[in-house]
Amino acid sequence: RLIGDGATLQVGLGALPDACLMALTGKRDLGLHSGVIGDRAADLVDAGIVTNRHKPLDTGLSVTAGLLGTQRLYQWAHRHPLLRMRNAVYTHDIATHAQLPNLIGINSALEVDLTGQMNAEVAGGRSIGMIGGHGDFMRGCQRSPGGRAILALEATARGGKVSRIVPRLPDGIVTSSRSDADVVVTEYGIAELRGRTVSERAKSLIAIAHPDFRALLEAKAERLA
């Protein structure tokens, strides 16, 4: 419901962003401007859901700096008349984002703390991800008129043993800062963080954490107030 008809999408990599794209089959005239796209984005173009009709830049064209998917994706992209491959200097540029109304980013992270800081790189002290365009699009989507920067993640990891919403980022790795936080979504709901105080953010994030971890998070949140 955060993505309206005519919005332009920026999509991160992974199973969860892919699942979000699969849920958009009822939308109309979406646009696509992303650092990288996969198979699900191609599916939306073929289905006529992504038309790029309302983009003032690259009207009628899906734009990306990279492709990452199956062989079918690369065959689809080869000389596709409605696809443009552009340099990341262009696709990730905040000045470009500011010229694309209703740019909605769908990105993910390994964990987010109660202040809104996001870690998309390190889990348990081990590096398993890259910075990529995470910070560029978290910030750039909010420069877009009507744009939103959505961070979507499952509430838990390791079969429910670990909460992805944590009091503080334990490894000290901050991929995107709390000043760039906008919307965080889990299977338990939506937390609106933009313009909120630290205590308000903590309360909103605890409400979308897994119920088994809420009491612990509430106890830790008292130190943030």
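Here, the structure is the one placed above.
Quick notes on the rules
Residues numbered from 1 in each chain as written. Predicted model: local features only at pLDDT ≥ 70, side-chain atom pairs only at ≥ 80, totals over all residues. Heavy atoms only, no water. Helix = DSSP H or I, 4+ residues; strand = E, 2+ residues; numbered from the N terminus. Patch = residues over 30% accessible without salt bridge, like charges linked within 9 Å, V, L, I, M, F, W, Y side chains within 5 Å. Areas by Shrake-Rupley, 256 points an atom, 1.4 Å probe, with all protein chains shown as cover. Salt bridge = Lys/Arg side-chain N within 4 Å of Asp/Glu carboxyl O. Buried < 20%, exposed > 50% of the residue type's maximum accessible area, 1.4 Å probe, protein only. Contact = heavy atoms within 4.5 Å. Pairing = 2+ DSSP bridges. Core = buried A, V, L, I, M, F, W, Y, C linked by side-chain atoms within 4.5 Å. Axes fitted to C-alpha atoms, helices over the stretch in contact; angles between N-to-C directions. Parallel < 35°, antiparallel > 145°, perpendicular 65-115°, else oblique.

A.B. asks: An account of the environment of G172 is requested, with residue identities and associated values reported.
C.D. replies: Checked against the element boundaries, G172 lands in the loop between β13 (165-166) and β14 (183-186). Taking the C-alpha atoms as reference, G172 lies 39 Å from V45; in sequence the two are 127 residues apart.

A.B. asks: Quick one: what's the story with a nonpolar patch on the surface, residue by residue and with numbers?
C.D. replies: A surface patch of nonpolar side chains, about 280 Å² in accessible area, is lined by L13, L68 and Y74. Tracing the backbone through its elements, the reader meets L68 in the loop between β3 (62-64) and α3 (71-77).

A.B. asks: Could you give an account of helix α7 (residues 198-207), with specific residues and numbers?
C.D. replies: Residues three or four positions apart in an α-helix share a direction because the helix packs 3.6 residues into each turn. Turning to α7, its buried residues number three or more, namely R201, A202, S204, L205 and I206. On the buried face of α7, the contacting elements are β6 (111-113), β13, β14, β15 (189-192) and α8 (211-221).

A.B. asks: Summarise the sheet that holds β13; cite the residues concerned and give the values.
C.D. replies: Judged by pairing direction, the sheet is mixed, and its three strands sit side by side in the order β7-β6-β13 without closing on themselves. Bordering the open sheet on either side are β7 (118-119) and β13, each of which pairs with just one other strand. As paired elements, β6 and β7 share two bridges and run antiparallel to each other. Residue pairing across strands places V112 opposite M118, the latter belonging to β7.

A.B. asks: Please give an account of the nonpolar core that cites residues and values.
C.D. replies: Within the largest apolar cluster, 25 residues are counted, with the highest numbers of intra-cluster contacts made by V112, L114, L151, I165, V184, L205 and L217. Mapped by element, the contributors of at least two residues to this core are α6 (134-143), β10 (148-152), α7 and α8. Excluding residues that lie within four positions of it along the chain, L205 makes contacts with D113, L114, G116, I165, V184, A191 and L193. In terms of nonpolar packing, the next biggest core, distinct from the first, is built from 22 residues, L44, W76, L83 and I150 among them.

A.B. asks: Describe the packing of α7 against α8, with residues and values.
C.D. replies: Two elements in contact, α7 and α8, have axes separated by 10 Å at closest approach and are oriented at 175 degrees. Judged by the inter-axis angle, α7 sits roughly antiparallel to α8. For the pair formed by α7 and α8, the contact residues are A202, I206 and A207 on the first element and R214, L217, E218 and A221 on the second.

A.B. asks: For the pattern of salt bridges, give the residues involved together with the corresponding values.
C.D. replies: Applying the stated criterion across every chain, the model contains nine salt bridges. Between R72 and D46 there is a salt bridge, with the nearest N and O atoms lying 2.8 Å from each other. Pair noted here: R72 is in helix α3 and D46 is in helix α2 (residues 39-46), with a separation of 26 residues, a long-range link. The exposure class of R72 is partly exposed, given its relative accessible area of 32%. As a salt-bridge pair, D180 and R139 come within 2.8 Å of each other at their nearest N and O atoms. Note that D180 is positioned in the loop between β13 and β14 and R139 in helix α6, a separation of 41 residues in sequence. Assessed through its relative accessible area of 7%, D180 is described here as buried. R139 sits in the partly exposed class, given a relative accessible area of 38%. Overlapping salt bridges, with partners in common, bring together R40, D43, D46 and R72 in one network.

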